[in-house]
Amino acid sequence: MAVDTDRASRNLDVVLLGATGFTGGLVADYLAEHAPGDLRWAIAGRSAGKLEAVRSRLADRNPGLTELPLLIADSADEAGLAALAAQTKVVATTVGPYLQHGGPLVAACAAAGTDYIDLTGEPEFVDKMYVAHNATAEKTGARLVHACGFDSIPHDLGAYFTITQLAAEAGGEITDPVRMRGVVRAGAGMSGGTFHSAMTAFSRAKQMRDATQARRRIEPRPDGRRSRAIAGRPTRDSSLGYWLLPLPTIDPFVVARSGAALSSYGPDFSYSHFAGTKTLRYAAGGAAGVSGMLVAAQVPPLRNLLLKRVPQGSGPSERQREKSWFTVDFTASTEPSSGEQVTVSTRVSGGDPGYTETAKMFAESAMCLALDDLPDSSGQVTTATAMGDALLGRLQAAGIAFERR
């Protein structure tokens, strides 16, 4: 039973930590333009001067924000983070890499019963936070929702949407095993934050395995059901017309955790995750690129050189972002012991994945947790588990397409 932390009496609905950075600034811009007038929100960071500059820019967009609250907070100041978490319903942080900067804030939110969201794509961080803080968050009622950007909302909510379509075709309830595949394509550059997170993860393979094993030792399994992320093999999908390359990202693990938490995914759910390319040459090039990053991550001088060449906190121009796009194609099929197999195909699509759409997904997630009527959940939960239909509806209204194919 969750502890009543009297969230309704708090001074703020949402605090955005990291608004002075590139992605955080885009999130702040989105809130300035799209948040309802009665949303009580603030921006937080280490520098009062930089926060004042952000507020001035936001007030040019929305004159109602001239008195937007500014909070001074440092990711290493445990007492300051505890005070910040205690005065708001939701903390949304864009300050990464999260392995370096995220732990104390998760601890503060878990203890205060405050909902927390981030943009991490770092499996080691997510697993460590589960081991350290899930039990506390379950007691206080805090929802700790990682990966609320391109990692992993299109994949997690896309799989959730696909399950709803499959259930409708199967007569309203899925009673057979389900095999699902997601294929992502994008016309956009990798963000600096994503690149830093990926290189950090690639350089910490042993630590990541250790964190995964520590989580598995204490995480309950669903009773009478199972849900798995399955590593696929390179192949060609004739229906999509793409060559498929397995993607070593956090996304399939997030999808599988939603499948474990939600009985609507059926008694035996599995998910495989791929990048799709039109030609074998591009597939081979992609495989070589990932292999090169894996090798470079093991050599500190080379890793540091690459990290300097792709800095965090900067990004493409608005014009470049306007030309970017992404799609994620899902195919899900039942495996009946008798009777007819049911198959559905869906697609999630939108604009620039690394920045514009990530800012949109992140801001809508924060508002969803703060304002919407949501399923009862606590602890470390996924976007599908915590927000489900409410966030799906918000994103569709905001221009991200979830459609049957």
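Located above this text is the structure these notes cover.
In what follows, the accompanying structure is described.

Reading guide: rules and limits
- Residues numbered from 1 in each chain as written.
- Predicted model: local features only at pLDDT ≥ 70, side-chain atom pairs only at ≥ 80, totals over all residues.
- Heavy atoms only, no water.
- Helix = DSSP H or I, 4+ residues; strand = E, 2+ residues; numbered from the N terminus.
- Buried < 20%, exposed > 50% of the residue type's maximum accessible area, 1.4 Å probe, protein only.
- Contact = heavy atoms within 4.5 Å.
- Areas by Shrake-Rupley, 256 points an atom, 1.4 Å probe, with all protein chains shown as cover.
- Pairing = 2+ DSSP bridges.
- Salt bridge = Lys/Arg side-chain N within 4 Å of Asp/Glu carboxyl O.
- Expected span 1.5 Å × (residues − 1).
- Disulfide = S-S within 2.5 Å.
- Axes fitted to C-alpha atoms, helices over the stretch in contact; angles between N-to-C directions.
- Phe/Tyr/Trp six-rings, centres within 6.5 Å; stacked < 30°, edge-to-face > 60°.
- Lys NZ or Arg CZ within 6 Å of the ring centre and 35° of its normal.
- Left-handed = near helix turned anticlockwise from the far one by under 90°.
- Nonpolar A, V, L, I, M, F, W, Y, C, P; charged D, E, K, R; others polar.

### Thoughts on the overall build of the protein
Inference 1: Assigned secondary structure in the protein consists of 16 helices and 15 strands.
Inference 2: The buried share among the 405 residues of the protein stands at 51%.
Inference 3: Contacts spanning at least 24 positions in sequence make up 80% of the contacts within the protein whose residues lie at least 6 apart.
Inference 4: Surface summary for the protein: the accessible area is close to 17800 Å², and the carbon and sulfur share equals 51%.

### Focus: the pairing of strand β10 (residues 242-246)
Inference 1: Bridging between strand β9 (residues 235-237) and β10 involves three bridges; their strand directions are antiparallel. By the bridge assignment, T235 is partnered in β10 with L244.
Inference 2: Where β9 folds back on β10, the antiparallel hairpin that results is connected by four residues, among which G241 adopts a positive phi of roughly 80 degrees.
Inference 3: By the bridge criterion, four bridges tie β10 to strand β11 (residues 268-277) in an arrangement that is antiparallel. Within β11, the position partnered with W243 by the bridge is T277.

### Some words on helix α10 (residues 251-261)
Inference 1: Along α10, the positions that sit buried rather than exposed are D251, P252, V254, V255, A256, S258 and G259.
Inference 2: If you follow the buried residues of α10, they end up packed against α7 (153-169), β8 (226-229), β11 and α15 (383-386).

### Digging into the pattern of salt bridges
Inference 1: Under the defined criterion, the tally for this structure stands at 24 salt bridges.
Inference 2: We note a salt bridge from D329 to R347, for which the minimum N-O separation is 2.8 Å. Of this pair, D329 sits in strand β12 (residues 325-334) while R347 is found in strand β13 (residues 343-350), placing the two residues 18 residues apart along the sequence.
Inference 3: Relative accessible area serves as the criterion here: at 17%, R347 is assigned to the buried category.
Inference 4: Beyond isolated ion pairs, a larger network of salt bridges with shared partners links R179, R226, R228, D268 and E335.

### Considerations on helix α14 (residues 356-371)
Inference 1: Here α14 is 16 residues long and its end C-alpha atoms lie 22 Å apart, about the 22 Å a rise of 1.5 Å per residue gives.
Inference 2: Judged by how many residues are buried, α14 sits mostly within the fold: 14 of 16 residues are covered.

### Focus on the state of the cysteines
Inference 1: Under the definition given, this model contains zero disulfides.
Inference 2: Residue C148 stays outside any disulfide, its sulfur separated by 9.8 Å from that of C368, the closest cysteine.

### Thoughts on the sheet that holds strand β4 (residues 88-93)
Inference 1: Pairing is parallel in the open sheet, where seven strands are placed in the order β3-β2-β1-β4-β5-β6-β14. Two strands close off the open sheet at either side, each with one partner strand: β3 (70-72) and β14 (379-380).
Inference 2: In this sheet, β3 lies alongside strand β2 (residues 41-45) in parallel orientation, the contact comprising three bridges. By the bridge assignment for β3, I43 is matched with L70.
Inference 3: Sheet contacts for helix α5 (residues 103-112): β1 (12-17), β4, β5 (115-118) and β6 (143-145); angle to β5, the most-contacted strand, approximately 155 degrees.

### Quick look at the packing of aromatic side chains
Inference 1: In the structure shown here, the tally under the stated rule is six aromatic pairs.
Inference 2: Residues F22 and Y355 carry aromatic rings whose centres are separated by 5.1 Å and whose planes lie at 85 degrees to one another, so their mutual orientation is edge-to-face. Within this pair, whereas F22 is found in helix α1 (residues 22-34), its partner Y355 is found in the loop between β13 and α14, the two being separated by 333 residues in sequence.
Inference 3: What makes Y355 buried here is its relative accessible area of 5%.
Inference 4: In this structure, R185 packs its charged tip against the face of Y242, placed 4.6 Å from the ring centre.
Inference 5: Taking NZ or CZ as reference, R215 lies 4.2 Å from the ring centre of Y130, over its face.

### Digging into the packing of α1 against helix α2 (residues 48-61)
Think of two packed helices as two axes; the pair is described by the angle between the axes and how far apart they sit.
Inference 1: In the contact formed by α1 and α2, the axes pass within 9 Å of each other and the chain directions differ by 35 degrees. With respect to the hand of their crossing, α1 and α2 are arranged in right-handed fashion. Here G25, A28, D29, A32 and E33 of α1 lie close against α2, whose contacting residues are R57, L58 and R61.
Inference 2: Residues of the contact of α1 with α2, tallied by class, amount to three nonpolar, one polar and four charged.

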